[in-house]
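Report on the structure
Given next are the chains, with one letter for each unit.
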Amino acid sequence: MERSSGILLPISSLPSPYGIGTLGKEARAFVDFLARAKQRWWQILPVSPTSYGDSPYQSFSAYAGNPYFVDLEALAADGLVTKEELDSTDWGTDPGKVDYGKIYNSRFAVLQKATERGWDRYEKELSAFREENKAWLPDYALFMALKRANGMKAWTDWPEDVRFRRAEALEKSRRELEGDIRLFTFIQFLFFRQWTALRAYAHEKGVGIIGDLPIYVAMDSADVWADPGSFQLDERNVPVEVSGVPPDSFTADGQLWGNPLYDWEAMKADGYGWWIRRIAGAGKLYDVLRIDHFRGLESYWAVPAGAETAKNGHWVKGPGMDLLRVLKDWFPDLQFIAEDLGYLTPQVRQLLEDSGFPGMKVLEFAFDSREPSNYLPHTYTRRCVCYAGTHDNAPLARWRHEAAAEDIAMATRYLGLNDAEGFCRGVIRGGMSSVADLFIAQMQDYLEDEGRINTPGIPQGNWQWRLKPGVLTDTLAGEIAEMTCLYDRA
C-alpha cells in the first residue's frame, strides 16, 4: 500500500432527505469532497442488511446490500416511484440522526412499489443479475420472505420443515411467497446497480473504498440457515459453542457475542470454499478489506451455548495461515488490513507477520499514562494503518473530555498540542506525520464533532450519527489537503 490517507464515514451517516444516507448524490458529493481534500480512501462500515440492534455487524446476509441504502431519488428519476410517494412518507425529522423504526416501517412499502413497476421492465438485466449471484441470492430472498411469513422470528423458531430446509417445504414456500421473493431479489438488483455506479465514480476521482469484513456471521442469517454444515451446530441446528472474547481489564465478564462458530475442519475439507465465496462477494464491493477480529483466525474464544457471560470460555486453535494462503492465492489483487487490536500473543503477532497484512495502530490507545504502548507513533513500522480512532471509539473532540486527564496530558506533551492549532488537528497531525503507510481519521475528527457512531457494550443508540447538510465546505477540504500534501500522503 502506498503512503496515503483517508476518511472513515459510514454510508448511513451521509445526509439525505429520506432518513438515512444512501448511494445517491450525497455519496458522490462526499467522493468529490475526498478528492478535493487529496484523500485516496473512503473507509465505510459493512453495507449488509441490518437486523436486531441496527448493527452492520449483525446482518441477515454476508452478501446482500442494505435496502436502506438504495437511493430513492434515482428510483424516482427512473419512474419506479413518484416524488409524491416519497414526500408523503415520514422518514424522521432529525437530519442529524437515523430513526431506524420509521425507516423500517416506510422503506419497504416504497421499494414494493418500485418492484411492481420495475420487475418486467428490467427483465433482461434481472435475469443476468440473478445468474451472476445464484450462489447466494435465491437463498437470501427466500430467507427474507420466510422471515416475513413467520413474523420476523429467527429461523431457529420457524416450523421444522423450513427450518431444516426440506425440499418439498422449500418448493411450496417459493410458490406461496413469490411476491416477497421478487421484492427482496429486486432490492438487491437495485442496490448492486447503484453500488457499481458509485464505486466506478469513486475510482474516476482517484478514491478507493475500504470495507469491513466481520469475522463472524449472525446466527439469524441466510448464511447459517442455508449452510449449517459450515458451523458448529448440533443435530437440531443449535450452536454447541458461540463466539466472544475473554475477561480483561475493561470487562470482568468478557464479551459474549453469541455468533455461531465455524466448523474449521469441515471448511478445510471443502478447500475453504465458503470463505472463497465470501471474499469474492466482498471483492465486488471494496478495494481493500479490513478483516475484523483478525486474532480469531489464530485462536478464538469459544463459549458454551447458553452461558450468560463469556467468562467460562476457552481458546481453540483457528485456521491461521492455512486459510490466509488460500485467500491470498485466490485474490492477489485484493488488499487486506488486519484488525489486530487487543491482547496479542506471540502467535498472533507471528500470524500477522506471516500474512504480510498491515495491522492497526489507534492513537486514542497510545497515551495510557500507566504503561508503555506500541501505539505511539515512534514505535511504528511502515506496514501499518494508523487510525485517530475507529468507529468503536469516541471522536477526538469527545475523547478529549472522556479520557483520563493523565492520558490527555501525555498526548499533549507527546504531540506538542497547542491552542493555536487545536486539539483535534494536533492529534491528526500526529497520525499524518507518522511513518504508517495509511492514516485514517473519522469525519467527525475533522469537523470537531462529538457525535459517536458506536459504543461497544451499549445496545441502544448506536449507528445513528449523521452529517448535517452543508458541513463539507471547500475551506475544510483545503485545510485537509494542505496537511495531506505536507506529509506526502496526497
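The structure under discussion appears in the preceding block.
As a starting point, this report considers the structure included with it. (Residues numbered from 1 in each chain as written. Predicted model: local features only at pLDDT ≥ 70, side-chain atom pairs only at ≥ 80, totals over all residues. Heavy atoms only, no water.)

Of regular secondary structure, the protein possesses 19 helices and 12 strands. Against the globule reference of 23 Å for 490 residues, the protein gives a C-alpha radius of gyration of 23 Å, in line with a compact fold. Reported as C-alpha extents along the three principal axes, the dimensions of the protein are approximately 70 × 55 × 40 Å. In the protein, buried positions account for 58% of the 490 residues. A separation of at least 24 residues holds for 75% of the contacts in the protein among residues at least 6 apart in sequence. In the protein, 54 positive and 70 negative side-chain charges are present, and the distance between their average locations comes to 2 Å. (Helix = DSSP H or I, 4+ residues; strand = E, 2+ residues; numbered from the N terminus. Rg over C-alpha atoms; globule rule 2.2 N^0.38 Å. Buried < 20%, exposed > 50% of the residue type's maximum accessible area, 1.4 Å probe, protein only. Contact = heavy atoms within 4.5 Å. Lys, Arg positive; Asp, Glu negative; His and termini not counted. Charge placed at Lys NZ, Arg CZ, Asp CG, Glu CD.)

Attention now moves to the pairing of strand 11 (residues 384-387). The two faces of a sheet get side chains in turn, since along a regular strand they alternate between them. Here strand 11 shows a buried face lined by C384 and C386 and a second buried face lined by V385 and Y387. Pairing of strand 10 (residues 359-362) with strand 11 involves 4 bridges; the strand directions are parallel. Bridge pairing in strand 11 places V362 opposite Y387. As judged from the 3 bridges shared by strand 11 and strand 12 (residues 438-442), these two strands associate in the parallel manner. (Pairing = 2+ DSSP bridges.)

The next point concerns the packing of helix 17 (residues 423-432) against helix 19 (residues 474-486). Following both chains from N to C, one finds helix 17 and helix 19 inclined at 40 degrees, their axes separated by 10 Å at the closest point. Relative to helix 19, helix 17 is oriented oblique. For the pair helix 17 and helix 19, contact is made by R425, I428, R429 and M432 and by L476, E479, M483 and T484, respectively. A per-class count over the contact of helix 17 with helix 19 returns 4 nonpolar, 1 polar and 3 charged. (Axes fitted to C-alpha atoms, helices over the stretch in contact; angles between N-to-C directions. Parallel < 35°, antiparallel > 145°, perpendicular 65-115°, else oblique. Nonpolar A, V, L, I, M, F, W, Y, C, P; charged D, E, K, R; others polar.)

Turning our eyes to something else, we now look at the pattern of salt bridges. Applying the stated criterion across every chain, the model contains 31 salt bridges. With a shortest N-O distance of 3.3 Å, E2 and R40 are connected by a salt bridge. One end of the pair, E2, is in the segment before strand 1 (4-8); the other, R40, is in the loop between helix 1 (25-36) and strand 2 (41-43), with 38 residues separating them in the sequence. Among the salt bridges present, the one from R174 reaches E171, with a minimum N-O distance of 3.4 Å. Of the two residues, R174 and E171 are both situated in helix 8 (residues 167-176); the distance of 3 residues between them amounts to about one turn of the helix. Connected through shared salt-bridge partners, D212, R290 and D292 make up one network. (Salt bridge = Lys/Arg side-chain N within 4 Å of Asp/Glu carboxyl O.)

Scanning the model with the defined rule gives 40 aromatic pairs in all. Ring geometry for Y18 and W91: centres 5.8 Å apart, planes at 80 degrees, overall edge-to-face. Residue Y18 is located in the loop between strand 1 and helix 1, and its partner W91 is located in the loop between helix 3 (83-87) and helix 4 (100-118); the two are separated by 73 residues in the primary sequence. Residue classification places Y18 among the buried positions, given a relative accessible area of 5%. Between R165 and the ring centre of W225, over which it is positioned, the NZ or CZ distance is 4.3 Å. The ring centre of W275 lies 5.3 Å from the NZ or CZ of R278, which sits over that ring. (Phe/Tyr/Trp six-rings, centres within 6.5 Å; stacked < 30°, edge-to-face > 60°. Lys NZ or Arg CZ within 6 Å of the ring centre and 35° of its normal.)

Below, the discussion takes up the side chain of S230. The topology assignment puts S230 in the loop between helix 10 (222-226) and strand 4 (241-245). Separated by 2.7 Å, the side chains of S230 and D227 make a polar contact. Contact partners of S230, with chain neighbours within four places excluded, come to Y262, D263, M267 and W274. (Polar contact = N/O pair within 3.5 Å; in protein donor to acceptor, adjacent residues only side chain to side chain.)

The next point concerns the pairing of strand 12. Within strand 12, 5 of the 5 residues are buried, which leaves it mostly tucked inside the rest of the structure. Where burial is concerned, the two faces of strand 12 agree: the one with L438, I440 and Q442 and the one with F439 and A441 are both buried. When strand 1 meets strand 12, the two strands line up parallel, connected through 5 bridges. By the bridge assignment for strand 12, L8 is matched with Q442.

Turning next to the sheet that holds strand 10. Ordered by their spatial adjacency, 8 strands build an open sheet running 9-6-3-2-1-12-11-10, and the pairing between neighbours is parallel. The two strands at the open ends of the sheet, each matched to only one other strand, are strand 9 (335-338) and strand 10. Averaged over all pairs of adjacent strands, the angle between strand axes in this sheet comes to 25 degrees, irrespective of strand direction. Its contacts with the sheet place helix 12 (residues 273-283) against strand 3 (208-213), strand 6 (288-291) and strand 9, and it is angled at close to 145 degrees to strand 3.

With that settled, the discussion passes to the nonpolar core. Counting residues in each nonpolar core, the largest one holds 159 residues, and the members touching the most others are W42, W195, W275 and Y446. It is helix 9 (residues 178-204) that contributes the most residues to this core, 13 residues altogether. Setting aside chain neighbours within four positions, we find W275 in contact with L213, I215, Y262, W264, M267, L323 and L327. (Core = buried A, V, L, I, M, F, W, Y, C linked by side-chain atoms within 4.5 Å.)

Further remarks concern helix 19. An ideal rise of 1.5 Å per residue puts 18 Å on 13 residues; helix 19 measures up with 18 Å between its terminal C-alpha atoms. Listed in full, the buried residues belonging to helix 19 are L476, A477, I480, A481, M483 and T484. Along the long axis of helix 19, the arc covered by the buried residues comes to 165 degrees, so they all point the same way. Exposed residues on helix 19 whose side chains face more than 90 degrees from its buried face are D474, T475, E482 and L486. The inward-facing, buried residues of helix 19 abut strand 1, helix 1, helix 17 and helix 18 (443-447). Directly beyond the C-terminal end of helix 19, a positive phi value near 60 degrees is found at D488. (Expected span 1.5 Å × (residues − 1). Arc of directions from axis to C-beta.)

In terms of burial, helix 17 is largely enclosed, as 10 of its 10 residues are buried. Those residues of helix 17 that fall on the buried side of the exposure criterion are F423, C424, R425, G426, V427, I428, R429, G430, G431 and M432.

A separate point is the packing of helix 1 against helix 9. Following both chains from N to C, one finds helix 1 and helix 9 inclined at 15 degrees, their axes separated by 10 Å at the closest point. If you check the angle between helix 1 and helix 9, you find them roughly parallel. The way helix 1 lies across helix 9 gives a crossing that is right-handed. Across the interface between the two elements, A27, R28, V31 and D32 of helix 1 pack against A197, L198, Y201 and A202 of helix 9. Here the contact of helix 1 with helix 9 is composed, by residue class, of 6 nonpolar, no polar and 2 charged. (Left-handed = near helix turned anticlockwise from the far one by under 90°.)

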